[in-house]
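Residue-level listing of the chains:
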Amino acid sequence: MRNRNFAIRAATLADSQSIASLHTASWRNTYRGILPDTYLDGPIAEERANHWRARLASPGADRRQVLLVEGEGGLVGFVCVLLDQESLWGACLDNLHVLPRLKGRGLGRQLFSSAAQWVVSKEPGWPMHLWVFESNYGARGFYEALGGEVVERSFKETPAGTEIASLRYVWYDLISLLRNLSI
Ligand SMILES: CC(C)(COP(=O)(O)OP(=O)(O)OC[C@H]1O[C@@H](n2cnc3c(N)ncnc32)[C@H](O)[C@@H]1OP(=O)(O)O)[C@@H](O)C(=O)NCCC(=O)NCCS
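Keep in mind it's a predicted model, so treat the numbers as computed, not measured.

1. A few points about the pairing of strand 5 (residues 128-133)
Looking down a regular strand, the side chains alternate between one sheet face and the other. Taking burial as the measure, the six residues of strand 5 include five buried ones, the bulk of the element. As judged from the two bridges shared by strand 4 (residues 91-98) and strand 5, these two strands associate in the parallel manner. Following the sheet pairing, A91 is matched in strand 5 by M128. The parallel pair strand 4 and strand 5, bridged by helix 4 (residues 107-122), forms a crossover whose chirality is right-handed. Judged from the six bridges that link them, strand 5 and strand 7 (residues 163-171) form a sheet pairing that is antiparallel. Counterpart to V132 in the pairing with strand 7 is L167.

2. Observations regarding the side chain of H97
Assignment of secondary structure puts H97 in strand 4. For H97, the side chain forms a polar contact with the side chain of S26, separated by 2.7 Å.

3. Observations regarding the pattern of salt bridges
Per the stated rule, a full pass over the model turns up eleven salt bridges. R9 is the partner of D15 in a salt bridge, and the nearest nitrogen-oxygen pair spans 2.8 Å. Between R55 and D94 there is a salt bridge, with its nearest N and O atoms 2.4 Å apart. Taken as a pair, R55 in helix 3 (residues 44-57) and D94 in strand 4 lie far apart in primary sequence, 39 residues in all.

4. A closer look at the environment of E86
Topologically, E86 is positioned in the loop between strand 3 (74-82) and strand 4. Through-space distance from the C-alpha of E86 to that of H129 is 9.0 Å; in sequence the pair is 43 residues apart. Setting aside residues no more than four positions away along its own chain, E86 makes contact with H129, W131 and R168.

5. Thoughts on the site of the ligand
Taken together, the neighbourhood of the ligand is formed by 22 residues, with L96, V98, G106, G108 and R109 sitting nearest. Within the side chain of R109, one N or O atom sits 2.4 Å away from an oxygen atom of the ligand. Residue assignment for the shell around the ligand shows that the elements contributing at least two residues are helix 1 (16-30), strand 4, helix 4, strand 5 and helix 5 (137-145). The residue makeup of the shell around the ligand, split by class, is ten nonpolar, nine polar and three charged.

6. Section: unusual backbone geometry
Its identity is not glycine, yet E86 carries a phi of approximately 55 degrees, on the positive side. In this structure E86 comes out as partly exposed when scored by relative accessible area, which is 35%.

7. Observations concerning the environment of R64
Mapped onto the fold, R64 is located in strand 2 (residues 64-71). On the basis of relative accessible area, R64 is assigned to the buried category, the value being 10%. If we ignore the near neighbours within four places in the chain, the residues touching R64 are R55, L56, A57, S58, P59, V81, L82 and W118. Within polar-contact distance, the side chain of R64 engages the backbone oxygen of R55 at 3.3 Å. In terms of polar contacts, R64 uses its side chain to reach the backbone carbonyl oxygen of L56, at 3.3 Å.

What counts, and at which threshold
- Position numbers for residues count from 1 along each chain, tracking the sequence in the order it is written.
- Reporting of local features is limited, given that this is a predicted model, to residues whose pLDDT is at least 70; pairs of side-chain atoms are given and counted only at 80 or more, and all residues count toward the totals for whole chains, interfaces and linings.
- Hydrogens and waters are ignored; side-chain quantities use all the structure's heavy atoms.
- Three exposure classes are used, based on accessible area relative to the maximum for each residue type with a 1.4 Å probe and protein chains only: buried under 20%, partly exposed in between, and exposed over 50%.
- Numbering of helices and strands runs from the N terminus; a helix is a DSSP stretch of H or I covering at least four residues, while a strand is a stretch of E covering at least two.
- For two strands to be treated as a pair, DSSP must find no fewer than two bridges joining them.
- If the strands point away from the viewer and the path from the first strand over the helix to the second runs clockwise, then the crossover is right-handed.
- Counting of polar contacts relies on pairs of N or O atoms within 3.5 Å, with two restrictions inside protein: one atom must be capable of donating a hydrogen and the other of accepting it, and residues adjacent in sequence are counted only when both atoms are side-chain atoms.
- Any carboxyl oxygen of Asp or Glu within 4 Å of a side-chain nitrogen of Lys or Arg constitutes a salt bridge here.
- Residues count as neighbours in contact if any of their non-hydrogen atoms are within 4.5 Å of one another.
- Nearness is judged by heavy atoms alone; a residue qualifies as near a molecule or strand once a single heavy atom is within 4 Å of it.
- Note on residue classes: Ala, Val, Leu, Ile, Met, Phe, Trp, Tyr, Cys and Pro are nonpolar, Asp, Glu, Lys and Arg are charged, and everything else, Gly too, is polar.

This is the structure in structure tokens:
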């Protein structure tokens, strides 16, 4: 197995800083040319740490799940899924990031599958959706490899204050998806 040296667990408030560091590294690596350099080179590590502290400390922990994948050296990826954000479309996968140097080793698939499994355990029959920047071709290739379907295009406000064409991907049948992913 490719990922036998990695384990998945639920995040706690104490993980906020390490999630923020990985999130910052992933944004700087992936969003160069998509978000402004002035924003990416600014104090986003502090901004992300505040964001994750607030999210992990907020009430309603049973309606969200933040999952971490860790190796011997610590955190290498995370995913966040929210049940009550645009729930017309089911659960919302709000963030999915793998350490840039470990991309393409199946960790994203492992996190995505674990998030889908959690959704099925909480809300059987719900779909799952997410928004991705239209020009984030790498992530789109990943979502399409996992059978995601584009259902909407919209200009969404980014954390940098800009507006960017974004696509909503949906997975309608998580149980079949998990079967296909052999989970
Ligand atoms: C998107 C991301 C989470 C995918 O995780 P990953 O660990 O690199 O992907 P995996 O190795 O699990 O790949 C799973 C499948 O997707 C495919 N895939 C992955 N990246 C792809 C790409 N850039 N283009 C096409 N297919 C891709 C793989 O080939 C694999 O399919 P296979 O099993 O049939 O071979 C990761 O690349 C990442 O963190 N990207 C930067 C952050 C980001 O853009 N997050 C999404 C924000 S909406």
